[in-house]
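Survey of secondary and tertiary structure
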Amino acid sequence: QVQLVESGGGLVQAGGSLRLSCAASGSIFSFYAMGWYRQAPGKQRELVATITRAGSTNYADSVKGRFTISRDNAKNTVYLQMNSLKPEDTAVYYCAAGLRLEAAMTSSTRSMDYWGQGTQVTVSS
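As a starting point, this report considers the structure included with it. (Residues numbered from 1 in each chain as written. Predicted model: local features only at pLDDT ≥ 70, side-chain atom pairs only at ≥ 80, totals over all residues. Heavy atoms only, no water.)

Re the packing of aromatic side chains
Overall, the coordinates contain two aromatic pairs when judged by the stated rule. Of note, Arg45 hangs over the ring of Tyr94, and the distance from its end group to the ring centre comes to 3.7 Å. Above the ring of Tyr32, the side-chain terminus of Arg53 is found at 4.5 Å from the ring centroid. (Phe/Tyr/Trp six-rings, centres within 6.5 Å; stacked < 30°, edge-to-face > 60°. Lys NZ or Arg CZ within 6 Å of the ring centre and 35° of its normal.)

As for the state of the cysteines
Using the criterion set out here, one finds one disulfide in the structure. Paired by a disulfide, Cys22 and Cys95 hold their sulfur atoms 2.0 Å apart. Where Cys22 bonds to Cys95 through sulfur, the torsion about that S-S bond is close to -75°, and the disulfide is left-handed. Of this pair, Cys22 sits in strand β3 (residues 18–24) while Cys95 sits in strand β9 (residues 91–98), placing them 73 residues apart in sequence. (Disulfide = S-S within 2.5 Å. Helix = DSSP H or I, 4+ residues; strand = E, 2+ residues; numbered from the N terminus.)

Here's the deal with unusual backbone geometry
One non-glycine residue, Ser84, lies in positive phi territory at about 50°. Turning to its location among the elements, Ser84 is positioned in the loop between β8 (77–82) and β9.

Observations regarding the pairing of strand β11 (residues 119–124)
Residue alternation in β11 divides its side chains into a buried set, Thr119, Val121 and Val123, and an unburied set, Gln120, Thr122 and Ser124. By the bridge criterion, four bridges tie strand β2 (residues 10–13) to β11 in an arrangement that is parallel. Along β11, the bridge assignment pairs Gln13 with Ser124. (Buried < 20%, exposed > 50% of the residue type's maximum accessible area, 1.4 Å probe, protein only. Pairing = 2+ DSSP bridges.)

What about the environment of Gln39?
Tracing the sequence through the fold places Gln39 in strand β4 (residues 33–39). The sequence separation of Gln39 and Gly118 amounts to 79 residues, and the corresponding C-alpha distance is 9.4 Å. Those residues in contact with Gln39 that lie beyond four places of it in its chain are Gln44, Arg45, Ala91, Val92 and Tyr94. At 3.4 Å, the side chain of Gln39 and the side chain of Arg45 are in polar contact. (Contact = heavy atoms within 4.5 Å. Polar contact = N/O pair within 3.5 Å; in protein donor to acceptor, adjacent residues only side chain to side chain.)

Okay, structure coming up:
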């Protein structure tokens, strides 16, 4: 059973930065894609960014130019660098991993097979 453990969340002022980390219990190269999703209170879980096994990335329009997803295969870790944070970025951020090609093709939440427990990001105005 794969385990994904997120870290790096916290409270930051608008305009600030945070870096989230997602450590996997096994080789992340086994996944077609890994990604970050977020869920704000009263809202559905939504895509933030994904990265495929080949290194291709996909971002939600709301974070393009501000967030960067990356991976370190040697450390079995995926990162999300978040800059120029806004209050509307406040949410619980989840790491996810997909074993199927669908994950690389669609980045949809249903295409992901494993999820972390989530880490809270709060951006104050």
